[in-house]
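Given next are the chains, with one letter for each unit.
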Amino acid sequence: MAWDEWEQLKESRGASGSTAVQLDGRPAEAGGGAAGEAGGLRHSAKPWTRAAVTAGHLGTDTGKAKGDLSKGHAGMTAGLTGLASLAELRTVLDSWEKRLDSVRDECRSLEPKLRQVAADLGGVDTATGAKADAVHTPKKSEGR
């Protein structure tokens, strides 16, 4: 059943005279378009750089939050000596400090990696574009 539906879609597409491919929800353009041209595929380092900056901020802010949490717990032991909840509070503090350390470390690890992705993809785009430009493709005026 699904195969029949696929065949019908192909036939209706072919009958309209259009065989252009559509990527990522963008309409296909006649003649394709090279990277950088209107309608062509492009890479932007901006999202990767923005993610790297965010990771850096999160790492810093998480470190500050851990410090604030420790300060908040600092005076508790004096007033709660002998209570069973004091041990539980210490367990909770230790757990949160470990979690915050993990988040901070992960963010610090991600920041340079995200920056490297932006640089690497830019280099790949340039190299791929140069290879594509080296391939001669006949223009409509030259005939195929």
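In this text, all values refer to a predicted model and were calculated from it rather than measured experimentally.

**Description of the overall build of the protein**
Part 1 of the reasoning: When helices and strands are counted, the protein shows 4 helices and 0 strands.
Part 2 of the reasoning: Helices and strands in the protein line up, N terminus first, as α-α-α-α.
Part 3 of the reasoning: Scored against the burial criterion, the 144 residues of the protein give a buried share of 10%.
Part 4 of the reasoning: In the protein, once contacts between residues fewer than 6 apart in sequence are set aside, the share between residues at least 24 apart is 61%.
Part 5 of the reasoning: Accessible area for the protein stands at about 11200 Å²; split by element, carbon and sulfur atoms hold 59% of it.

**Comments concerning the packing of aromatic side chains**
Part 1 of the reasoning: Taken as a whole, this structure holds 0 aromatic pairs when the rule is applied.
Part 2 of the reasoning: One Lys or Arg, R99, reaches over the ring of W96 and ends 4.9 Å from the middle of that ring.

**Points about the pattern of salt bridges**
Part 1 of the reasoning: Within this structure, the stated rule accounts for 5 salt bridges.
Part 2 of the reasoning: Two residues, R90 and D94, come together in a salt bridge whose shortest N-O distance is 3.0 Å. Of the two residues, R90 and D94 are both situated in helix α4 (residues 84-133); the distance of 4 residues between them amounts to about one turn of the helix.
Part 3 of the reasoning: You can call R90 partly exposed: its relative accessible area is 47%.
Part 4 of the reasoning: When the shortest N-O distance is used, the salt bridge between R115 and E111 registers 3.2 Å. Of this pair, R115 and E111 both sit in helix α4, 4 residues apart, roughly one helical turn.
Part 5 of the reasoning: Each of K66, D101, R104 and D105 takes part in one network of salt bridges that share partners.

**Thoughts on the side chain of T62**
Part 1 of the reasoning: With respect to the helices, strands and loops of the structure, T62 is situated in helix α2 (residues 46-74).
Part 2 of the reasoning: Looking at T62, the relative accessible area reads 9%, which means it is buried.
Part 3 of the reasoning: A polar side-chain atom of T62 sits 2.6 Å from the main-chain carbonyl oxygen of L58.
Part 4 of the reasoning: Once residues within four sequence positions are removed from consideration, T62 is found in contact with L100, V103 and R104.

**Regarding the confidence of the model for the protein**
Part 1 of the reasoning: When pLDDT is averaged across the protein, the result is 76; 69% of the residues are at 70 or more.
Part 2 of the reasoning: By mean pLDDT, the top-scoring element of the protein is α2 (91), and the lowest-scoring one is helix α3 (residues 76-79) (68).
Part 3 of the reasoning: Contacts from residues 30-38, a stretch scored under 50 in pLDDT, to residues over four places away or in other chains number 7 contacts.

**As for α2**
Part 1 of the reasoning: Its 29 residues place the ends of α2 42 Å apart at the C-alpha level, agreeing with the 42 Å of an ideal helix rising 1.5 Å per residue.
Part 2 of the reasoning: Among the residues of α2, those classed as buried are A52, A55, G56, G59, T62 and H73.

Each value, and the rule that gives it
Residues numbered from 1 in each chain as written. Predicted model: local features only at pLDDT ≥ 70, side-chain atom pairs only at ≥ 80, totals over all residues. Heavy atoms only, no water. Helix = DSSP H or I, 4+ residues; strand = E, 2+ residues; numbered from the N terminus. Buried < 20%, exposed > 50% of the residue type's maximum accessible area, 1.4 Å probe, protein only. Contact = heavy atoms within 4.5 Å. Areas by Shrake-Rupley, 256 points an atom, 1.4 Å probe, with all protein chains shown as cover. Phe/Tyr/Trp six-rings, centres within 6.5 Å; stacked < 30°, edge-to-face > 60°. Lys NZ or Arg CZ within 6 Å of the ring centre and 35° of its normal. Salt bridge = Lys/Arg side-chain N within 4 Å of Asp/Glu carboxyl O. Polar contact = N/O pair within 3.5 Å; in protein donor to acceptor, adjacent residues only side chain to side chain. pLDDT = per-residue confidence, 0-100. Expected span 1.5 Å × (residues − 1).

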